Number of protein chains: 4
Amino acid sequence: MDVSYEQVVDILKSERVEIEDIAKLAYDLQKPYIPDLTLKEAIDSVKCVLSKREVMNAIMVGAELDSSARENRMKNKTLQAIIEEDAGLFGVDEIVALSICNVYGSIALTNFGYIDKIKPGIIGVLNGDQIRCNVFMDDIVGAIAASAASRLAHRH
Amino acid sequence: MDVSYEQVVDILKSERVEIEDIAKLAYDLQKPYIPDLTLKEAIDSVKCVLSKREVMNAIMVGAELDSSARENRMKNKTLQAIIEEDAGLFGVDEIVALSICNVYGSIALTNFGYIDKIKPGIIGVLNGDQIRCNVFMDDIVGAIAASAASRLAHRH
Amino acid sequence: MDVSYEQVVDILKSERVEIEDIAKLAYDLQKPYIPDLTLKEAIDSVKCVLSKREVMNAIMVGAELDSSARENRMKNKTLQAIIEEDAGLFGVDEIVALSICNVYGSIALTNFGYIDKIKPGIIGVLNGDQIRCNVFMDDIVGAIAASAASRLAHRH
Amino acid sequence: MDVSYEQVVDILKSERVEIEDIAKLAYDLQKPYIPDLTLKEAIDSVKCVLSKREVMNAIMVGAELDSSARENRMKNKTLQAIIEEDAGLFGVDEIVALSICNVYGSIALTNFGYIDKIKPGIIGVLNGDQIRCNVFMDDIVGAIAASAASRLAHRH
């Protein structure tokens, strides 16, 4: 069994994340270094990151854990509570996200750290959502954007 | 909300893993380098690894995902199928496990790779279980053992 | 053969880096989350990070490579040139630095990414030095500060 | 300034490592899972790994440090001594090697751990060399083989 690109895009959509939102983050990260960069190139880079199996698997796991916490389906109620309160020292969310960045080298890792701290655009929206639980998704979106930006850096 | 050491030991027990099983793996890994190593020291090293927050969080997440797949509670049925068939290229299981090893340096990482390939003791039992799904737990147990062995190496 | 803490502090000094410079970075990273944090606590946290063997080894290797490039002692002249021009896509400098962060969990990794991008305090000084080559040292200093900040976060 | 593929092959040759030696390791790792695998495919996979910039940079740095230790060119005599005695807890050698594996996902990481422990073929030769210092090169060769094997796994 393998997940398809379309399924992954649907999962992101159901988490209220559009490819363009992620591309905007990658564009903003890389624009200072590549003055003639276009949003179209950033979109293509995000699509390319999203088509990697490791990335698709990480997205599925993160979305499953978020929705499971959100719908109170978790068996382990301590874990449920930790995820609900988005404990800053939880760490597993960043770990899953970092597995995406690893594939794209050290620039992806430093970009991710930066974006995780600044929380621009869609990441701020996800992170600031007081009603829906997005513990994994905001980190995953940051990792995809950071990786797409690193891809652009290596190609230009 | 924080998880307690006792809870984590209970989770391992419910996954049919005893601290002694993990300690035996760490002991076998390190015995060739530390001839006077005792099983008691290996047990203490495992207990010490198990008391780290990062480790406890990784165990909770892995056990939740395994039990969720086992009880057909996953919302994403593609992910459910991938975990049920224990797809060799899934990768997220090793990622969660590696987050445990990272804390204990590069010896923990190489020990984990070795143990993940050889599947000795309890890992072989978990991995060979045709009925219960243990996709995350066998890697997590391997990572704890590898980390406990690395701790012993650094202390001797 | 083992390196001593005093040797490592001397290496940092010869690279024009004082413990207080690193502590200031850790303090600034963590102050928003720990309002009663003192610089003294940040200094103690940096000292604790500096006493880890993995960290001491990474510092020695980074300083050796920087000084080797600086004094034109490298055998491989392509590598010499890459390090002299501080190529943005080199990557090995971040890798050595990230090995320090790994020990301190995912907060250390994201802190490092942020600091590597913003280049505050001593990192900006090292990075902006047009005369002396500091390719590895600025990343290593960032990693030590990020790790010391993560230690403070986990302890408070 | 950028390193060329030919330069990297020359560096490996000067460290007495042939592409075929590395391909043999990747072949042996993957043959049990891909029965119709040919050595030719393993060679192509190694060549592909060797053409990645991150990998080329890691090879250059490792070879420079090994030759520097070998020729007693290191400024830091403690580091010189640690590398000469190939201290098991040094760790920076594995870190540089793991940066190669990271790009190829978690299978590369576990393959590396296994090979680093078993030391088959050329790795055993390098590691057992009592006269020439190969602290970094044996780990780097293992990482390239592990990565080439992971590439084969993902493509078949």
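Structure's up top.
What you are looking at is a predicted structure, and each value in this text was computed from that prediction instead of being measured.

### A few points about the interface of chain C and chain D
Right, so step 1: Across the boundary between the two partners, chain C contributes 29 residues, which contact 29 residues of chain D.
Right, so step 2: The contact between chain C and chain D buries some 2700 Å² in all, and 63% of this surface belongs to carbon and sulfur atoms.
Right, so step 3: When the buried area of chain C at its contact with chain D is split by residue, C:Met1, C:Glu64 and C:Lys75 rank highest and sum to 21% of it.
Right, so step 4: Viewed at the interface, chain D and chain C are joined by 2 salt bridges.
Right, so step 5: Ionic pairing is found between C:Lys75 and D:Glu71, a salt bridge with its closest N-O pair at 2.3 Å.
Right, so step 6: Only helix H1 (5–14), helix H4 (53–70), helix H5 (77–84) and helix H6 (92–102) of chain C provide two or more residues apiece to the side of chain C that touches chain D.
Right, so step 7: Considering every element that reaches the side of chain C that touches chain D, the biggest residue donor is H4(C), with 8 residues.
Right, so step 8: Considered class by class, the residues forming the side of chain C that touches chain D number 16 nonpolar, 6 polar and 7 charged.

### With respect to the relation of the copies chain C and chain B
Right, so step 1: With an RMSD of 0.0 Å, chain C superimposes on chain B once it is rotated by 180° and translated 0.0 Å along the axis. Both copies are brought into coincidence by an operation consistent with a two-fold rotation axis. Within chain C, the C-alpha atom positioned nearest to the axis of rotation is that of C:Val103, 2.1 Å from it.
Right, so step 2: Of the interface residues in chain C, 100% have counterparts in chain B that sit at the interface too, so the contact is made through matching surfaces.

### Some points on the packing of helix H7 (residues 105–118) of chain B against helix H7 (residues 105–118) of chain D
Any two packed helices are characterised by how steeply their axes cross, that is the angle between the axes, and by the distance between the axes.
Right, so step 1: The geometry of H7(B) relative to H7(D) is characterised by a closest axis approach of 6 Å and an angle of 95° between their N-to-C directions. Considered as vectors, H7(B) and H7(D) are oriented roughly perpendicular to each other. Residues B:Leu109, B:Thr110, B:Asn111, B:Phe112, B:Gly113, B:Tyr114, B:Asp116, B:Lys117 and B:Ile118 of H7(B) form the contact with H7(D), whose own contacting residues are D:Leu109, D:Thr110, D:Asn111, D:Phe112, D:Gly113, D:Tyr114, D:Asp116, D:Lys117 and D:Ile118.
Right, so step 2: The residue inventory of the contact of H7(B) with H7(D), partitioned by class, reads 8 nonpolar, 6 polar and 4 charged.

### Regarding the pattern of salt bridges
Right, so step 1: The tally for this structure, following the rule as stated, stands at 36 salt bridges over all chains.
Right, so step 2: A salt bridge links B:Arg53 to B:Asp2, with the nearest nitrogen and oxygen atoms 3.7 Å apart. Of this pair, B:Arg53 sits in helix H4 (residues 53–70) while B:Asp2 is found in the segment before helix H1 (5–14), placing the two residues 51 residues apart along the sequence.
Right, so step 3: The shortest N-O distance in the salt bridge between C:Lys119 and C:Asp116 comes to 3.9 Å.
Right, so step 4: Note on C:Lys119: relative accessible area 27%, which makes it partly exposed.
Right, so step 5: Three or more residues are tied together by salt bridges with common partners; here these are A:Glu64, A:Glu71, A:Arg73 and B:Lys75.

So, how was this worked out
- Residues numbered from 1 in each chain as written.
- Chains lettered and ligands numbered in written order.
- Predicted model: local features only at pLDDT ≥ 70, side-chain atom pairs only at ≥ 80, totals over all residues.
- Heavy atoms only, no water.
- Contact = heavy atoms within 4.5 Å.
- Buried area = accessible area lost by both parts, 1.4 Å probe.
- Salt bridge = Lys/Arg side-chain N within 4 Å of Asp/Glu carboxyl O.
- Helix = DSSP H or I, 4+ residues; strand = E, 2+ residues; numbered from the N terminus.
- Nonpolar A, V, L, I, M, F, W, Y, C, P; charged D, E, K, R; others polar.
- Least-squares fit on C-alpha atoms with pLDDT ≥ 70 in both.
- Axes fitted to C-alpha atoms, helices over the stretch in contact; angles between N-to-C directions.
- Parallel < 35°, antiparallel > 145°, perpendicular 65-115°, else oblique.
- Buried < 20%, exposed > 50% of the residue type's maximum accessible area, 1.4 Å probe, protein only.

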